[in-house]
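Residues per chain, in single letters:
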2 protein chains.
Amino acid sequence: MIISTKNSGISAKELGTAAKQLESYRRHLVSVQEKGGFDDLECSINLPFSTHLDAILEKAEAYRTKQLKMVVVIGIGGSNLGTQAVYDALPQKSVEMLFLDTVSSARFSLVLEKLTKHLKNKKQFLIVSISKSGGTTETMANTEALLSALKKPYGDIRDRLVVISDDGSKFSEAAKKQKIDHLGMQTKVGGRYSVFSAVGLFPLAVAGFNVHKLVEGARAAVEDGLLGDTTQNHALVSAHTTYAHAKKGRSIHNTFLFAPELESLGKWYRQLMGESIGKEKDLDGRIVHTGITPIVSIGSTDLHSMAQLYFGGPDDKFTNIVSVQASAHVSIPSKLVFPNMVEHLPRKSLDELMSAIVGGVTATYQKLKQPFLSIELEAVSEKELGYYLQFRMVEMMYLAQLMHVNAFDQPAVEGYKAETKKRLFK
Amino acid sequence: MIISTKNSGISAKELGTAAKQLESYRRHLVSVQEKGGFDDLECSINLPFSTHLDAILEKAEAYRTKQLKMVVVIGIGGSNLGTQAVYDALPQKSVEMLFLDTVSSARFSLVLEKLTKHLKNKKQFLIVSISKSGGTTETMANTEALLSALKKPYGDIRDRLVVISDDGSKFSEAAKKQKIDHLGMQTKVGGRYSVFSAVGLFPLAVAGFNVHKLVEGARAAVEDGLLGDTTQNHALVSAHTTYAHAKKGRSIHNTFLFAPELESLGKWYRQLMGESIGKEKDLDGRIVHTGITPIVSIGSTDLHSMAQLYFGGPDDKFTNIVSVQASAHVSIPSKLVFPNMVEHLPRKSLDELMSAIVGGVTATYQKLKQPFLSIELEAVSEKELGYYLQFRMVEMMYLAQLMHVNAFDQPAVEGYKAETKKRLFK
């Protein structure tokens, strides 16, 4: 991953000042990593270095048979966004993953149809049901409805279910009691920081992705994110840049991904930023109603949808342009069916066209003097995705520190949950 | 469609004043409709009443054979967003639609694989290539690359291609010259207002959707949107409500759709709002850099991702809660595998749970005194979708009027296109 702050509108001097401001927190992160374990709020940075990986992989291997065709991930928010981000991004898909997050007859029917029409026996699928607490309405509803609906074609399928939940939670305990396979997750690791725990790694490993490479990328990002040298500490630099622009009124953070397969990666970041820094109260308990609204744009799709607003409308956004190095796959022939419609098309590859578009958009942001950060992935690979995910999580810890809020709680979501439960009782 | 302004924070008196302000524009819309034809800027409101529908349906019928399995729509922005919104929303899918919008090797390979691995002969697919001007880089690149890639398995497939472009455009002319089938679109109808032209209706009709019902819904929305009685004119009321909150600093418009299959409908609206009112200059040529940033949220998925920000963060959003009346499909059994995890689950349907969640979220917005508009669809059906799409297009014309900008141009997108072309030339 290459990151460039050249057009960020933030000077080296400003970055130096920011680094000083964050120095004690950076040292705290270093100490969390040196200490290891999973007791600190920031302990998710220890996941990529943890030995828990072996147990996860061993269990995954047991389910990763030649027969396996589909993995259903039942989970919502932090329990599925990271897994889906990696799955949607990567091309090779020997096993299909299906995701059930919200409660929707339409979505449920699609998943059920795939599991019943296209498969012959229950060894061809695995269901992974993920809830930190076991108290997530949607996840429990989808799990019960799916187990019930699959009884008719496949009989008892509790041996095709793996539960992932907090160590010692009632969901884990109930699974244990019924001899349903289960994996624990670290209680102190919040959902939005859990992609490198069993939550993300187990389903991805079962589906055949190289989780070693994912974790390798994540390790490098933790190391870079703890560096004292600000010029190399991407997480710290990016956090400060986002913060500085939010202070100047750019309260929308636009991740502009120039690769449509990265849309889910953008959605994973929406949760990370939305929940980590959108807060009613600051660390001193004062009412602040602070936050930055994360949005996701896809290049070049959204150039034909949102670019008019971005280039002509109010200057209220700070943009991260995320692109992938061109690898020249699909090509346009030399002899066209419709010649002279668009100049210079013959013999170009689709990836070259995308690179030209990224260049055109970058130049336009520069011309309009709208600030942006450039992030380039070498390729859409496990290693680069692992780096990106971990880079963003460390970035968010620094950003919360700058905004003086708790990066790890989500108190405002309790209200609607209570209101929903009242209505369920009726 | 039922719309409620009860919690919009706008009084009946304010609405009355707004209606007076918009009265001359409303009369203008009435005159555009009475006159008919496609000469006025607002002429897209005449599409649902136009006789062009017969020609579109006749051509669609010719391609709608029993053999047909897949329709590939090549188009970007206004050329595919409406079609995809309807396709993704509706359950019955006798024919699969594939969408190629941006230039992406990853996406292209997926579409190519579907067309070559799963089909036996070229009569099983149809390609619809849509570009108003014929000058859209992505659309021409994908069209050329696909025709070229399909040559090997299927030979010359120009008889499996239908071109949709402005009447008299060079794309139309090139198609005519090569005897490639083509359909015209009305030159004055902009891409984001074109879903009820051949652009949307032809591919949807070929894929087997009931476009009569779509158009029936749209007609009702035009009629309601021209009513002088503000209490019944949803489009005018919604436009004013959005405008009033934007003036108060709520510069983000959040369409919160409590049905995951409506996500593409939300994305269609992003273009409609982003391009129609995100403007550098107002109608008098003054530099204003105005606009509202449209975002799309999915219930209940984004409650586990963005709700912390929405409920705890800054009060900078005006929300439209869009829900669908529960129809009780999939049910949770009375005997659970994991009892006592979530209360009151047994025998509930997934749709009932979603209704309880909508109720819980609505109550929370009320408690927090955050304004919102409630929109309820009777069902996800062609008729309701047709109404919603047309309601939003008339709403946007009123909203642009209130913001004193041109709802129909997009001058700011020319800059990056020129910059991109420079790079293609290299």
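Just so you know, these numbers come straight off a predicted model, no measurement behind them.

**Student:** I'd like to hear about the overall build of chain A, residue by residue, with values.
**Tutor:** Scanning chain A from terminus to terminus reveals 15 helices and 12 strands. For chain A, whose C-alpha radius of gyration is 23 Å, the value lies close to the compact-globule estimate of 22 Å for 426 residues. Principal-axis analysis of the C-alpha atoms gives chain A an extent of 65 × 65 × 45 Å. Here chain A holds 426 residues, and 58% of them are scored as buried. Across chain A, every contact between residues at least 6 apart in sequence was considered, and the portion connecting residues at least 24 apart equals 75%.

**Student:** Run through the relation of the copies chain B and chain A, naming residues and quoting values.
**Tutor:** With an RMSD of 0.0 Å, chain B superimposes on chain A once it is rotated by 180° and translated 0.0 Å along the axis. In short, the pair behaves as if placed about a two-fold rotation axis. Identified as the residue of chain B closest to the rotation axis by C-alpha distance is B:Ile295, at 3.6 Å. The fraction of interface residues of chain B whose copies in chain A are also interface residues reaches 100%, indicating that both copies meet through the same surface.

**Student:** Account for the interface of chain B and chain A, with residues named and values stated.
**Tutor:** Note: interface size is frequently given as the accessible area lost on complex formation between the parts. Contacts between the two partners involve 97 residues from chain B and, on the opposite side, 98 residues from chain A. It is helix α13 (residues 350-367) of chain B that provides the largest number of residues to the side of chain B that touches chain A, a total of 12 residues. In the side of chain B that touches chain A, the residues fall into 44 nonpolar, 34 polar and 19 charged.

**Student:** Go over the domain arrangement of chain A, please, and point to the residues and values.
**Tutor:** Residues and elements named next belong to chain A. Entries for chain A in the domain assignment read domain 1 (2-31 + 215-412) and domain 2 (43-209). At the interface, 24 residues of domain 1 touch 21 residues of domain 2. Broken down by secondary-structure element, the contributors of at least two residues to the side of domain 1 that touches domain 2 are α9 (211-225), α11 (263-277) and α14 (382-403). For the side of domain 1 that touches domain 2, the per-class residue count stands at 14 nonpolar, four polar and six charged.

**Student:** Just give me the short version of the sheet that holds strand β1 (residues 2-4) of chain A, but keep the residues and values in it.
**Tutor:** Residues and elements named next belong to chain A. Spatially, five strands are ordered β1-β12-β11-β7-β10 in an open sheet, and the strand pairing comes out mixed. Both outer strands of the open sheet, β1 and β10 (293-298), are each paired with one neighbouring strand and no more. Each neighbouring strand pair of the sheet contributes to a mean axis angle of 20°, computed without reference to strand direction. Two strands pair when backbone bridges link them, and β1 and strand β12 (residues 372-377) are joined in this way by three bridges, in the antiparallel orientation. Within the sheet, the bridge partner assigned to serine 4 lies in β12 and is serine 374.

**Student:** Which residues make up the packing of helix α3 (residues 81-89) of chain B against helix α8 (residues 198-206) of chain B, and what values go with them?
**Tutor:** All names here are of chain B. At their nearest, the axes of α3 and α8 sit 8 Å apart, and the two run at 35° to each other. Along this stretch, α3 crosses α8, giving a crossing that reads as right-handed. Note on element contacts: α8 touches α3 through Gly200, Pro203 and Leu204, opposite Gly82, Thr83 and Val86. For the contact of α3 with α8, the residue count by class is three nonpolar, three polar and no charged.

**Student:** Residue-level account of the nonpolar core, with values.
**Tutor:** Of all hydrophobic cores here, the largest spans 278 residues; its most connected members are A:Val128, A:Ile164, A:Phe202, B:Val128, B:Ile164 and B:Phe202. A:Phe202 has contacts with A:Ile56, A:Lys59, A:Ala60, A:Val128, A:Ile164 and A:Leu183, leaving out every residue within four places of it along the chain.

**Student:** How would you summarise unusual backbone geometry if you had to cite specific residues and measurements?
**Tutor:** Note that the residue after A:Gly299, namely A:Ser300, is joined by a cis bond; omega there is -5°. Note that A:Ser300 resides in the loop between β10 and α12 (307-312). At B:His344, a residue that is not glycine, the phi angle is positive and equals roughly 65°.

**Student:** Which residues make up helix α14 (residues 382-403) of chain B, and what values do they have?
**Tutor:** Residues and elements named next belong to chain B. With 22 residues, α14 should cover 32 Å at 1.5 Å per step; its first-to-last C-alpha distance of 31 Å lies within 8% of that length. The element α14 is extensively covered by neighbouring structure, given that 22 of its 22 residues are classed as buried. Histidine 404 sits one or two positions beyond α14 and adopts a positive phi of about 60°.

**Student:** Describe helix α11 (residues 263-277) of chain B, and please don't skip the residues or the numbers.
**Tutor:** An α-helix turns once per 3.6 residues; consequently, residues spaced three or four apart project the same way. Its 15 residues place the ends of α11(B) 21 Å apart at the C-alpha level, agreeing with the 21 Å of an ideal helix rising 1.5 Å per residue. Judged by how many residues are buried, α11(B) sits mostly within the fold: 14 of 15 residues are covered.

**Student:** Residue-level account of the pairing of β10(A), with values.
**Tutor:** Residues and elements named next belong to chain A. Within β10, six of the six residues are buried, leaving the element largely enclosed by the surrounding structure. Residues of β10 alternate between two faces, with Thr293, Ile295 and Ser297 on one and Pro294, Val296 and Ile298 on the opposite face, all of them buried. Where strand β7 (residues 252-257) and β10 come together, six bridges link them in parallel fashion. Bridge pairing in β10 places asparagine 254 opposite isoleucine 295.

**Student:** Please provide a residue-by-residue account of the packing of α11(A) against α14(A), values included.
**Tutor:** All names here are of chain A. Following both chains from N to C, one finds α11 and α14 inclined at 25°, their axes separated by 10 Å at the closest point. Here α14 runs roughly parallel to α11, going by the angle between their axes. Viewed along their axes, α11 and α14 form a crossing whose handedness is right-handed. Packed against α11, whose contacting residues are Tyr269, Leu272, Met273, Ser276 and Ile277, the element α14 presents Arg392, Met393, Met396, Leu399, Ala400 and Met403 at the interface. Class assignment for the residues of the contact of α11 with α14 results in nine nonpolar, one polar and one charged.

**Student:** How would you summarise the pairing of β7(A) if you had to cite specific residues and measurements?
**Tutor:** All names here are of chain A. The buried fraction of β7 amounts to six of the six residues, a majority that puts the element mostly inside the structure. Here β7 shows two buried faces, one formed by Ile252, Asn254 and Phe256 and the other by His253, Thr255 and Leu257. Sheet topology places β7 next to strand β11 (residues 317-324); six bridges connect them, and they run parallel. Bridge pairing links asparagine 254 to threonine 319 in β11.

**Student:** Please provide a residue-by-residue account of the environment of A:Val361, values included.
**Tutor:** The topology assignment puts A:Val361 in helix α13 (residues 350-367). Expressed as a C-alpha distance, the spacing of A:Val361 and A:Ile321, which sit 40 residues apart in the sequence, is 9.0 Å.

**Student:** So what's going on with the sheet that holds strand β3 (residues 96-100) of chain B? Residues and values would help.
**Tutor:** All names here are of chain B. If you trace the five strands from one edge of the open sheet to the other, you get β3-β2-β4-β5-β6, paired in parallel fashion. With partners counted over all chains shown, the strands left at the sheet margins are β3 and β6 (181-185), one partner each. The average undirected angle you get between the axes of adjacent strands in this sheet is 20°. Pairing geometry for strand β2 (residues 70-74) and β3, over five bridges, is parallel. Within the sheet, the bridge partner assigned to valine 73 lies in β3 and is phenylalanine 99.

Definitions and cut-offs
Residues numbered from 1 in each chain as written. Chains lettered and ligands numbered in written order. Predicted model: local features only at pLDDT ≥ 70, side-chain atom pairs only at ≥ 80, totals over all residues. Helix = DSSP H or I, 4+ residues; strand = E, 2+ residues; numbered from the N terminus. Rg over C-alpha atoms; globule rule 2.2 N^0.38 Å. Buried ≥ 20, exposed ≤ 12 C-beta atoms within 10 Å, placed from the backbone. Contact = placed C-beta atoms within 7 Å. Least-squares fit on C-alpha atoms with pLDDT ≥ 70 in both. Nonpolar A, V, L, I, M, F, W, Y, C, P; charged D, E, K, R; others polar. Domains from an automatic or database assignment. Pairing = 2+ DSSP bridges. Axes fitted to C-alpha atoms, helices over the stretch in contact; angles between N-to-C directions. Left-handed = near helix turned anticlockwise from the far one by under 90°. Core = buried A, V, L, I, M, F, W, Y, C linked by C-beta atoms within 7 Å. Expected span 1.5 Å × (residues − 1). Parallel < 35°, antiparallel > 145°, perpendicular 65-115°, else oblique.

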